[in-house]
Amino acid sequence: MLKNKNIILGVCGSIAAYKSAFLVRLLVKAGANVKVILTPDGANFITPLTLATLSKNPVYTQYFEEETGVWSNHVELGLWADLIIIAPISANTLAKLATGICDNLLTAIYLSAKCPVYVAPAMDLDMWKHESTQNNIEKISSYGNTVISPGSGELASGLYGEGRMAEPEDIITFLEQILKESLPLYGKNVMVTAGPTYEAIDPVRFIGNHSSGKMGFALANELAKLGANITLITGPTALKASTELKRIDVVSADEMLNACSSIFPEIDITVMCAAVADYRPKVVATEKIKKNDNELLLELEKTVDILASLGREKKANQILVGFALETNDEENYAKGKLEKKNLDLVILNSLNDKGAGFKSDTNKITIFNKALERTVFEMKSKTEVAKDICAAILNISK
Ligand code: CTP
């Protein structure tokens, strides 16, 4: 959740400033870009060198660094940040945030920033309990800032009670949970199918197709980034899925049907990307077929159209997305599938577009919604195509 996020960590004058070193380490480990702003008093508790080394970035304390002659632009820093954490925040800085006092770099950045701000107070029990501190907490919360409540325990003053800054590990868990909950598909159960199916002829042969699974895997990854709980049901493929995804491996159309149908009632959004075999051998030979004859005739029977059967079961609050891979009269066939299979979106790939379809790393799609409105996209990488499909899904899931 914190990967590649730009984070400003403000550190104020409090003994808990030593914990900010651990916090920086954990943020950097989680993949965040961290810039630390020390208040002048904060610099009495922890050295800029420690925080600069851990964050791998210069530490800022003043607008104007006399030694270097560098002016730190608070507006730029504020706009750079995806989120600001002030941990520890002292009673003094808390009061400044509540009243808009802006007498150092950190408070100026706070006023310039447009991103979410989280504060983790640390102070002595009596300072924390004081009415003015509690009023300031209420005030800054009413501005939309989030307070990460202090814990109870032995305080540096020797008193025992509330006022200890939340532990760095707990701050990270808190931030990750809040970021997760803010994702648009948080809490949604999403099923994605991918890859080919193999229909056995005998113990060593099968009917299959060239699907690599790349489009379905890319979709599962992008939907997961939007906060959904993903179940990826995939036919045979060499691709590896991220460990965050629940993966169910199947071989035949029948196995895919069973896997999909058993979880469909709990699913909010289904994207059927798999290239499911339309026909399978009517009889599967139990022994390897010998080449005794000049000709071999295989009798095939239709498999169940999984997408169409889910379309019949679909409830009003479920979203169903299907693909249409066509070679001629593409748009009419795609629109026909949308209506016949009761879909909310159909994604058309034409095999006439070079670089679209099986195996390649690119795809070119056209999306039709229920109103048969058409959106045509350029040729893109499958990851970018997956993002376009996600955007179309978000558009109808509002
Ligand atoms: N599909 C499915 N079960 C099948 C066949 C297809 O769920 N037995 C799904 C695919 O996952 C895809 C959509 O149906 O989302 C369309 O697949 P496609 O092969 O383009 O079309 P078909 O419906 O099979 O029709 P046709 O082969 O006649 O074009």
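Residues numbered from 1 in each chain as written. Predicted model: local features only at pLDDT ≥ 70, side-chain atom pairs only at ≥ 80, totals over all residues. Heavy atoms only, no water.

(A) Focus on the packing of helix H10 (residues 253-263) against helix H11 (residues 306-313). Contact geometry for H10 and H11: axes closest at 10 Å, N-to-C directions at 20 degrees. By the angle between their directions, the pair H10 and H11 is classed as roughly parallel. The element H10 and its partner H11 pack so that their crossing is right-handed. Counted together, Ala 253, Met 256, Leu 257 and Cys 260 of H10 and Ile 306, Ser 309 and Leu 310 of H11 form the full contact between these two elements. In terms of residue class, the contact of H10 with H11 is built from six nonpolar, one polar and no charged. (Axes fitted to C-alpha atoms, helices over the stretch in contact; angles between N-to-C directions. Helix = DSSP H or I, 4+ residues; strand = E, 2+ residues; numbered from the N terminus. Parallel < 35°, antiparallel > 145°, perpendicular 65-115°, else oblique. Left-handed = near helix turned anticlockwise from the far one by under 90°. Contact = heavy atoms within 4.5 Å. Nonpolar A, V, L, I, M, F, W, Y, C, P; charged D, E, K, R; others polar.)

(B) Seen up close, the environment of Ala 108. Mapped onto the elements of the fold, Ala 108 is located in helix H5 (residues 105-112). Sequence-wise, Ala 108 and Val 75 are 33 residues apart; in three dimensions their C-alpha atoms are separated by 7.8 Å.

(C) Here's a closer look at the pairing of strand S19 (residues 345-350). The element S19 is largely enclosed, with a buried count of six among its six residues. Burial of the side chains of S19 extends over both faces: Leu 345, Ile 347 and Asn 349 are buried on one face and Val 346, Leu 348 and Ser 350 on the other. Pairing of strand S18 (residues 319-326) with S19 involves six bridges; the strand directions are parallel. Residue Leu 325 lies in a different strand from S19, and its bridge partner there is Asn 349. Following the chain from S18 across helix H12 (residues 330-340) to the adjacent parallel S19, one finds a crossover that is right-handed. (Buried < 20%, exposed > 50% of the residue type's maximum accessible area, 1.4 Å probe, protein only. Pairing = 2+ DSSP bridges. Right-handed = clockwise from strand over helix to strand, strands pointing away.)

(D) Region of the structure containing the site of the ligand. The ligand sits among 16 residues. The nearest are Met 272, Ala 274, Phe 323, Lys 337 and Lys 341. Contacts to the ligand include Met 272, whose backbone N or O atom sits 2.7 Å from an oxygen atom. Residue Leu 325 places a main-chain N or O atom 3.0 Å away from an oxygen atom belonging to the ligand. Here the ligand loses 77% of its free accessible area of 570 Å² to cover by the protein chains. Elements supplying a minimum of two residues to the shell around the ligand: H11 and S18. When the residues that make up the shell around the ligand are grouped by side-chain class, the tally is 10 nonpolar, two polar and four charged. (Near = heavy atom within 4 Å. Polar contact = N/O pair within 3.5 Å; in protein donor to acceptor, adjacent residues only side chain to side chain. Areas by Shrake-Rupley, 256 points an atom, 1.4 Å probe, with all protein chains shown as cover.)

(E) Structural detail: the packing of helix H4 (residues 91-99) against helix H7 (residues 131-142). Two elements in contact, H4 and H7, have axes separated by 9 Å at closest approach and are oriented at 45 degrees. On the basis of their axis angle, the class for H4 and H7 is oblique. Crossing handedness for the pair H4 and H7: left-handed. For the pair H4 and H7, the contacting residues are Leu 94, Ala 95, Leu 97 and Ala 98 in the first and Thr 133, Asn 136, Ile 137, Lys 139 and Ile 140 in the second. Residues that form the contact of H4 with H7 fall into these classes: six nonpolar, two polar and one charged.

(F) Here's a closer look at the domain arrangement of the protein chain. Looking at the assigned domains, one finds that the protein chain contains domain 1 (6-181) and domain 2 (189-397). Relative placement of domain 1 and domain 2: their C-alpha centres are 48 Å apart. (Domains from an automatic or database assignment.)

(G) The arrangement of the packing of aromatic side chains in detail. All told, the structure shown has one aromatic pair when counted by the stated rule. Between the aromatic rings of Tyr 198 and Phe 206, the centroid separation amounts to 3.8 Å while the plane-to-plane angle is 10 degrees, which identifies the pairing as stacked. For Phe 206, a relative accessible area of 42% translates into the label partly exposed. Cation over ring: Lys 35 sits above Trp 80, and NZ or CZ is 4.3 Å from the ring centre. (Phe/Tyr/Trp six-rings, centres within 6.5 Å; stacked < 30°, edge-to-face > 60°. Lys NZ or Arg CZ within 6 Å of the ring centre and 35° of its normal.)

(H) Summary view of the side chain of Ser 20. Position of Ser 20 relative to the elements: it lies in helix H1 (residues 17-29). Apart from residues no more than four positions distant in its own chain, Ser 20 is found in contact with Leu 9, Val 11, Ile 46, Leu 51, Ala 87 and Pro 88.

(I) Looking closely at the sheet that holds S18. Across the sheet, eight strands lie side by side as S14-S13-S10-S15-S18-S19-S21-S22; this open sheet has mixed pairing. Each end of this open sheet is capped by a strand with a single partner; those strands are strand S14 (246-249) and strand S22 (374-376). Sheet twist, expressed as the average angle between the axes of neighbouring strands with direction ignored, equals 15 degrees. For S19 and strand S21 (residues 365-369), the ladder comprises five bridges, and the chain directions are antiparallel. Within S21, the position partnered with Ile 347 by the bridge is Ile 367. On top of the sheet, H10 reaches strand S10 (189-194), strand S13 (229-234), S14 and strand S15 (269-272); it is set at about 160 degrees to S13, its chief contact. Against the sheet, H11 makes contact with S10, S15 and S18, and its axis sits at roughly 155 degrees relative to S18, the strand it touches most.

(J) Representation of the pairing of strand S6 (residues 117-121) in the model. The buried count for S6 comes to five of five residues, which makes it a mostly enclosed element. Where strand S5 (residues 83-89) and S6 come together, four bridges link them in parallel fashion. When the sheet's bridge partners are listed, Ile 84 is paired in S6 with Val 117. Where S6 lies against strand S7 (residues 146-147), two bridges are found, and the strand directions are parallel.

(K) Summary view of the side chain of Asp 202. Looking at the element boundaries, Asp 202 is found in the loop between strand S11 (199-200) and strand S12 (206-207). Polar contacts involving the side chain of Asp 202 include one to the main-chain amide nitrogen of Val 204, which spans 2.8 Å. Here the side chain of Asp 202 touches Arg 205 through a polar contact of 2.4 Å, side chain to side chain. Not counting the four nearest positions on each side in its chain, Asp 202 is found in contact with Val 284, Ala 285, Glu 287, Lys 288 and Ile 289.

(L) Main features of the sheet that holds strand S2 (residues 33-38). If you walk across this open sheet you meet the five strands as S2-S1-S5-S6-S7, and the pairing is parallel. The open sheet has two free edges, formed respectively by S2 and S7, since each of these has just one partner strand.

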